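Spelled out from the first residue to the last, the chains are:
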Amino acid sequence: MQLEMIKQNYNHPSVIIWAYMNEVLLKMKFNNDPERKQKYLTNIATLAQNLEDLTRATDPTRYTMMANHGDINGYTKAGLTKNPHVGGLELVPRLVWREIGRFWDELG
C-alpha cells in the first residue's frame, strides 16, 4: 500500500513528506501481558523499519514522518522515533478543541 501511494503520487507538486503508521500505539494491546506486549512492540518496530526503508528507497527526495498521539516516551521506548525524519503530534487535547470552539462561537 505504501509503495502504491508513493508511485501514484510521486510527481504531485503538493507532496512534501510521506507518512505512515498513524498513532499506532494509541490503543496499546497486551498491557496485562508484558511478554506479549514486548513482542507486539518489536513487531511494530520491525514493520516501521521496513516501511521506512521502502519509502526512502522509492523516493529519497522527500522526508518521512510517523505521527504519534503524544506518548513520546512510549514511541521512543518502542524504537519508533529513530527512523522517520519527522515525528508528528496529532491528538489535540479536548481542552484545546473547546477553546477553539469558544473562539469560533464568539466570532459568529
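Structural data are supplied above this passage.
Figured I'd write up the structure that's included with this text.

The rules behind the values
Residues numbered from 1 in each chain as written. Predicted model: local features only at pLDDT ≥ 70, side-chain atom pairs only at ≥ 80, totals over all residues. Heavy atoms only, no water. Helix = DSSP H or I, 4+ residues; strand = E, 2+ residues; numbered from the N terminus. Buried < 20%, exposed > 50% of the residue type's maximum accessible area, 1.4 Å probe, protein only. Phe/Tyr/Trp six-rings, centres within 6.5 Å; stacked < 30°, edge-to-face > 60°. Lys NZ or Arg CZ within 6 Å of the ring centre and 35° of its normal.

This brings us to the environment of Met21. Mapping Met21 onto the fold places it in the loop between strand E1 (17–19) and helix H2 (34–58). A residue is classified by how much of its surface remains accessible, and Met21, at 14% relative accessible area, is buried. Separated by 47 residues in the primary sequence, Met21 and Asn68 place their C-alpha atoms 8.7 Å from one another.

This part takes up the packing of aromatic side chains. Applying the stated criterion to the full structure yields 1 aromatic pair. Taken together, a centroid distance of 5.7 Å and an interplanar angle of 75° make the contact between Phe30 and Tyr40 edge-to-face. Taken together, the residues span a long stretch of sequence, with Phe30 in the loop between E1 and H2 and Tyr40 in helix H2 at a distance of 10 residues. Between the NZ or CZ atom of Arg62 and the centre of the ring of Tyr10, over which it lies, the distance is 5.6 Å.

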